[in-house]
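Architecture at a glance
Chain by chain, the residues run as shown.
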Amino acid sequence: MKFNKLGFLGALCAAGLLGNTSALAADTANVAVSATVVGTCKFNNGGAAAFILDPSVGGNVAATVTQPQFWCTKGATYSISDNDGLNALAGAQRMKHASLAEYIPYSFSYTAGGTGTGPSTPITMNITSSVVAADYLNASAGSYADTVILSITP
């Protein structure tokens, strides 16, 4: 059997083994990468509203308020609501005497919505609260309290 060099080279070329790169096929594919940033809101701290109600002075009294702070995801629209307090009656907020069945009505308001700025830029609420003179002038001496629960939703 005689070895045919020319025939062998032809067979290698036909098989694409001798650098004939046109016989090789390349391809590409795309990989889609995505993410969703969740709209979140969190309170950093609660607040407090304190009144000094002195019947000898009279007049409507505004509370001294320590404002709650919170944050929401940047660009997320938020809304804030409350439960009217533990002692509300027909939607009217009231503080209850510590040991008597007596109540002092009060108002409680704040800005209920806006747009988040992210956790590095907390938002300070703007709560205002007041008591009308007629609602405490004849009240029994002692401590009165209520708890309002705030909820924030992105």
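Residues numbered from 1 in each chain as written. Predicted model: local features only at pLDDT ≥ 70, side-chain atom pairs only at ≥ 80, totals over all residues. Heavy atoms only, no water.

For the chain, the helix and strand inventory stands at one helix and 14 strands. The burial tally for the chain puts 22% of its 154 residues in the buried class. Considering only intrachain contacts with a sequence separation of at least 6, the fraction spanning at least 24 residues in the chain is 72%. As displayed, the chain offers around 10400 Å² of accessible surface, 57% of which is attributable to carbon and sulfur atoms. (Helix = DSSP H or I, 4+ residues; strand = E, 2+ residues; numbered from the N terminus. Buried < 20%, exposed > 50% of the residue type's maximum accessible area, 1.4 Å probe, protein only. Contact = heavy atoms within 4.5 Å. Areas by Shrake-Rupley, 256 points an atom, 1.4 Å probe, with all protein chains shown as cover.)

On to the sheet that holds strand β1 (residues 41-45), then. Strand order in the open sheet formed by three strands is β1-β5-β11, and the pairing between neighbours is antiparallel. At either margin of the open sheet sits one strand with a lone partner, and together these are β1 and β11 (123-124). Here two bridges tie strand β5 (residues 69-72) to β11, and the two strands are oriented antiparallel to one another. When the bridges of β11 are listed, F70 appears paired with I123. (Pairing = 2+ DSSP bridges.)

Let's shift gears to the packing of aromatic side chains. Following the criterion strictly, the structure yields three aromatic pairs and no others. With 5.0 Å between their ring centres and 75° between their planes, F70 and Y78 make a pair best called edge-to-face. The two residues F70 and Y78 agree in class, both being buried. With centroids separated by 5.9 Å and ring planes inclined at 70°, the aromatic side chains of F108 and Y110 adopt a geometry described as edge-to-face. As far as burial versus exposure is concerned, F108 and Y110 are alike and both buried. Feature note: the residues F43, F70 and Y78 constitute an aromatic cluster, connected by ring pairs. (Phe/Tyr/Trp six-rings, centres within 6.5 Å; stacked < 30°, edge-to-face > 60°.)

The residue A145 is located in strand β13 (residues 144-145) in this model. Here A145 falls in the partly exposed class, since its relative accessible area comes to 49%. Taking the C-alpha atoms as reference, A145 lies 10.0 Å from F51; in sequence the two are 94 residues apart. Those residues in contact with A145 that lie beyond four places of it in its chain are N87, M95 and K96.

Now for the side chain of T73. Its location among the elements puts T73 in the loop between β5 and β6 (77-82). Relative accessible area serves as the criterion here: at 13%, T73 is assigned to the buried category. Separated by 2.8 Å, the side chain of T73 and the backbone nitrogen of T40 make a polar contact. Setting aside residues no more than four positions away along its own chain, T73 makes contact with V37, V38, G39, T40, G116, T117 and G118. (Polar contact = N/O pair within 3.5 Å; in protein donor to acceptor, adjacent residues only side chain to side chain.)

A few words on the pairing of strand β12 (residues 128-131). Consecutive side chains of a regular strand alternate in pointing toward one face of the sheet and then the other. Burial of β12 is one-sided: the residues S129 and V131 facing one way are buried, the residues T128 and S130 facing the other way are not. Bridge count between strand β3 (residues 61-62) and β12: two bridges; the pairing is antiparallel. Along β12, the bridge assignment pairs V61 with V131. Taken together, the three bridges between strand β9 (residues 107-109) and β12 define a ladder with antiparallel strand orientation. In the strand pairing of β12, F108 is matched with S129.

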